[in-house]
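Descriptive structure summary
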Amino acid sequence: MVKQNINLYLASPRGFCAGVDRAVKIVEQAIKKYGSPIYVRHEIVHNKDVVKSLESLGAIFVDEITDAPENSTIIFSAHGVPKSVFVNAKKRKMLSIDATCPLVTKVHNETIKHFNSSRKILLIGHKNHPEVIGTMGQVPDGNVILIESLNEAKNIYIEDTNNLAYATQTTLSVDDTKEIIEVLKQRFPDIKGPSTEDICYATTNRQLAVKSMADMCDYILVIGAQNSSNSQRLVEVAKKNGVSNSYLISDEDDLNIFLNNFNFTDSINIGLTAGASAPETLVQILISKLKRKFEVNLINHEVVKEDIIFNLPKSLR
């Protein structure tokens, strides 16, 4: 049987960003230094494969620090945590290791700075996302107002418009966030923003790669977890840029469903990328599965070169 030809455009950059890479290494190094078990509050990054591989080394993932014993070692995930979590860990005589992405820490520091300058902070982000919970928890309750949509930005009522600032979750859609910020600046001309934008370089670059692939692809596949904000945004960006057949592939089952349900035409162009918390192994598994079924012409689609590395905490270097 003759295999059908497909062109597979492989987005670059894709997959792990510097913050995710650092967080995973923090867990690995902590296990080497302190021995297992090491407790990790929440998924270190939003990816089941990453979590499973760290569990096999001796990491135990817990929902709250009270689920780990007193005097134990606890790591806080790349998404960041409210200040109260550090305080409670100290009360329980735990050794805390902070794996918060430095770009998220930047947003935390800006939020604290605005609060210290008596400004109310408008945070653009998704409710209940761990990063948003962590950022809102840097200052006392009631000082950060969450804005989830353009509609909310247009209609939110602010009493004191002279002392206002905004910040954003780092993994949002670049275009959607830009629209919201424009509305806030129109409505509140004196609003203070970050010196450099909060959306992280990796989120921006991965969305850029998807946009540039959209012109040439009939399908775009995004490898990433269902609860990964940056992976979900990549699917949204692909659809907004004209590729209605864009899908999140969170595991091999999703891929099998995709392969079984689609009758491709004679020649097909597929774009493939991965969210910032998806390991390259998943990309390679997907490529090998496609190769079993199709004659794959692999095309490296590089948009930007990434060379950012974040250092590990001093205690683990």
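Refer to the structure printed above.
Residues numbered from 1 in each chain as written. Predicted model: local features only at pLDDT ≥ 70, side-chain atom pairs only at ≥ 80, totals over all residues. Heavy atoms only, no water.

**A short note on the environment of Ser228**
For Ser228, the position within the fold is in the loop between β9 (219–223) and α9 (229–240). For the pair Ser228 and Asn47, spaced 181 residues apart in the sequence, the C-alpha separation amounts to 7.6 Å. Excluding anything up to four places from it in sequence, Ser228 contacts His46 and Ser277. (Helix = DSSP H or I, 4+ residues; strand = E, 2+ residues; numbered from the N terminus. Contact = heavy atoms within 4.5 Å.)

**Some words on the environment of Pro102**
With respect to the helices and strands, the residue Pro102 is situated in helix α4 (residues 102–116). Assessed through its relative accessible area of 28%, Pro102 is described here as partly exposed. Separated by 151 residues in the primary sequence, Pro102 and Asp253 place their C-alpha atoms 34 Å from one another. With residues near it in sequence (within four places) discarded, Pro102 still touches Arg22 and Phe310. (Buried < 20%, exposed > 50% of the residue type's maximum accessible area, 1.4 Å probe, protein only.)

**Here's the deal with the packing of helix α10 (residues 252–261) against helix α11 (residues 280–293)**
At a minimum axis distance of 11 Å, the contact between α10 and α11 shows a crossing angle of 30 degrees. Taken together, the axis directions place α10 and α11 in an arrangement best described as roughly parallel. Of the two possible hands of crossing, α10 and α11 adopt the one that is right-handed. On the side of α10, the interface is formed by Glu252, Leu255, Asn256, Leu259 and Asn260, while α11 contributes Ile285, Leu286, Lys289, Leu290 and Lys293. A breakdown of the residues in the contact of α10 with α11 according to their chemical character gives five nonpolar, two polar and three charged. (Axes fitted to C-alpha atoms, helices over the stretch in contact; angles between N-to-C directions. Parallel < 35°, antiparallel > 145°, perpendicular 65-115°, else oblique. Left-handed = near helix turned anticlockwise from the far one by under 90°. Nonpolar A, V, L, I, M, F, W, Y, C, P; charged D, E, K, R; others polar.)

**Notes on helix α1 (residues 18–34)**
With 17 residues, α1 ought to run about 24 Å at 1.5 Å a step, and its terminal C-alpha atoms sit 24 Å apart, in line with that. Turning to α1, its buried residues are Ala18, Gly19, Val20, Arg22, Ala23, Val24, Ile26, Val27, Ala30 and Ile31. Immediately downstream of α1, the backbone of Gly35 shows phi near 80 degrees, a positive value. (Expected span 1.5 Å × (residues − 1).)

**So, the side chain of Asn230**
Assignment of secondary structure puts Asn230 in helix α9. Taking relative accessible area as the criterion, Asn230 reaches 10% and is therefore assigned buried. Not counting residues within four places of it along the chain, the set of residues in contact with Asn230 comprises Thr171, Thr203, Gly275, Ala276 and Ser277.

**Comments concerning the layout of surface pockets**
If you add up the space inside the largest pocket, you get close to 280 Å³. In this structure, the largest pocket is lined by 15 residues; those nearest its centre are Asp49, Ser250, Asp251, Glu252 and Leu282. Taken together, the elements giving at least two residues each to the lining of the largest pocket come down to α2 (48–57), α10 and α11. By volume, the second largest pocket is sized at about 220 Å³. What lines the second largest pocket is a set of 14 residues, and nearest its centre among them are Cys17, Ala18, Asp21, Ile308 and Ile309. Here the lining of the second largest pocket gets four residues from one element, more than from any other, and that element is α1. Residues that form the lining of the second largest pocket fall into these classes: eight nonpolar, one polar and five charged. (1 Å grid on protein atoms, 1.4 Å probe; cavity = no way out; pocket = protein on both sides within 12 Å on 5 of 7 lines; lining within 4 Å. Points joined across faces, edges and corners; volume = space filled by probe spheres on them.)

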